[in-house]
Amino acid sequence: KYQTQELHAKDLKHNMHPFTDFATFKEEGSLIMAESEGAYVYDTEGNKYLDGIAGLWCVNIGYANEEMGEAMAEQTRRIPYYSSFGHLTTPPAVELSEKLVSLAPSNLNHVFYGTGGSMSNDTAVRMIHFYFNRLGKKDKKQIITRTDGYHGSTYLAMSLTGVEYDHIGFDLAPDLVHRVSAPNVYRRPDGMTEAEFCDFLVDELEQKILAIGPERVAAFFAEPIAGAGGVLVPPAGYHKRIADVCKKYEVFLVSDEVVTAFGRLGEMFSSESVFGFQPDIITCAKGLTSGYIPLSANLISDEIYDVISVPQAKGAMFTHGFTYSGHPVSCAVGLKNIEIMERMDLCNHVKKVGKYFENQLKEKISSLPIVGDVRGSHFMMCVENVANKETKELLPAEAEIGNRIAAKCEEAGVLIRPLAHKNIMSPPLILNVQEVDTIVETLHKGICDVQDELIR
Ligand code: PLP
């Protein structure tokens, strides 16, 4: 059905992949996914894989859902595109805004659309800058983010990103973004309890704001659980206390829910429902359409909206937006996606089966000799591999431990994401208990096999 060799050749010649070292894809050719169903994807050779990463943390309702295709087709027949600039919009953009607000924390009543997570974080910065400009606080521009936070890949979003590895080879906006520590409980300083670590992190943020000057700090960005930085679940109480510090200094708190929204942790949004805090802006994308079509949304507080939406003299505009802001087909798909999630009661499913996944991984994988930490929540999990469980020392980079474990799983028909010395899992939320068991058993065997190779 598919000419894999030909596709490989064309791919190599013309299709430049994102986030690649070029080596693997030049040496081995790419893995070309061609078909899908439910929690499974098939490559061009017909090999079937249980997708333990939901594409890239995004295919929440699972693959090849006919209703999603129907929603796309129907909206395309009605009106496939119209601009949202100025006073224009379309029915799906309006309807989806109302739906999102009904699911979000009560202070967030306004929605602004883009087409991806990076764009939504860029938008948050620009909106906040615009807000403070309007109030005459033109110096309040600086942004604080966290080491190992991931906020995207545009110039600004990558500047917000604190994963140092991602910065190698680029010099990014050093005069705008400041960093505080990742809430990495596993690698917290020796001798600190989790509670003391929380005190340390909260104090560090406050000291950072004071050092820069509160009159210069506009926003703090944080993911409820940092994803691409290694699934970092913060210490208990962290977010609420961080939110209090931000409020004290008139610093807006942007909660990057690009991964954590739409059911991954068992709630539509995690900031308030899981972690008990109200951010000033939530940014989300991915699971908003289960990845079927690009769409992102910023959920914005009344406080911010009420300032930036006051009409100024004619011609003074909020000059921010994109051709595809509020795209009617994307918004129709977003609406259908949420309708399907609600009809399937997916959040409650995740509360049960996602919790089972978390517990099984912790129970079955933690005791393996090269596993230092199994962490995460529900369908957002990470295994951190080490050379020494006591000292937490890492294996040498040449061991390529994450890649090797992922490769073993791939051979066995399960996709797990390598991330340096770690392996990440974020499956479609529709997974059943048997499929959870398959992932856990395959990962267990993959780690054991690589362990044996390392000893040999
Ligand atoms: N924010 C978080 C937490 C993410 O995980 C990602 C992508 O993985 C982004 C932002 C960037 O989203 P996008 O790749 O859609 O621009």
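As named in an unreviewed UniProt entry, the protein is Aminotransferase, taken from Dasania phycosphaerae. Listed under Sequence similarities (unreviewed entry) in UniProt, the entry text for the protein is "Belongs to the class-III pyridoxal-phosphate-dependent aminotransferase family." Listed in UniProt under the heading Cofactor (unreviewed entry), the comment for the protein reads: "pyridoxal 5'-phosphate".

A. Inspection of helix H5 (residues 91–103) at higher detail. For H5, which comprises 13 residues, the first-to-last C-alpha distance of 19 Å matches the rise-based estimate of 18 Å (1.5 Å per residue) to within 8%. Among all positions of H5, only Pro-92, Ala-93, Leu-96, Ser-97 and Leu-100 are buried. The buried side chains of H5 occupy one side of the element, clustering within an arc of 135 degrees when seen end-on. Exposed residues pointing more than 90 degrees away from the buried face of H5 are listed as Glu-98 and Ser-102. Contacts made by the buried residues of H5 are with helix H4 (66–78), strand S4 (108–114), strand S10 (296–301) and helix H11 (328–343).

B. Expanded view of the nonpolar core. Membership of the largest hydrophobic core comes to 121 residues, with the highest contact counts inside it found for Ala-219, Phe-220, Phe-252 and Leu-299. Top contributing element to this core by residue count: H11, with seven residues. Mapping this core onto the domain boundaries places at least three of its residues in each of domain 1 (31–61 + 345–455) and domain 2 (68–343).

Cut-offs and rules
Position numbers for residues count from 1 along each chain, tracking the sequence in the order it is written. pLDDT decides what is reported in this predicted model: residues at 70 or higher carry local features, side-chain atom pairs at 80 or more are listed and counted, and totals for whole chains, interfaces and linings draw on all residues regardless. UniProt positions are given in the numbering used here, feature names are shortened, and annotations may be inferred rather than shown by experiment. Helix and strand assignments come from DSSP, with helices taken as H or I runs of at least 4 residues and strands as E runs of at least 2, each series counted from the N terminus. One less than the residue count of a helix, multiplied by 1.5 Å, gives the span that helix is expected to have. A residue is called partly exposed when the number of other C-beta atoms within 10 Å of its own lies between 12 and 20, exposed at 12 or fewer, and buried at 20 or more, with C-beta atoms placed from the backbone. In this context, the arc is that of the directions from the helix axis out to the C-beta atoms. Contact criterion: two residues are in contact if their C-beta atoms, reconstructed from the backbone, are within 7 Å. We call a set of buried Ala, Val, Leu, Ile, Met, Phe, Trp, Tyr and Cys residues a nonpolar core when their C-beta atoms link them within 7 Å. Where each domain starts and ends follows an automatic or database-derived domain assignment.

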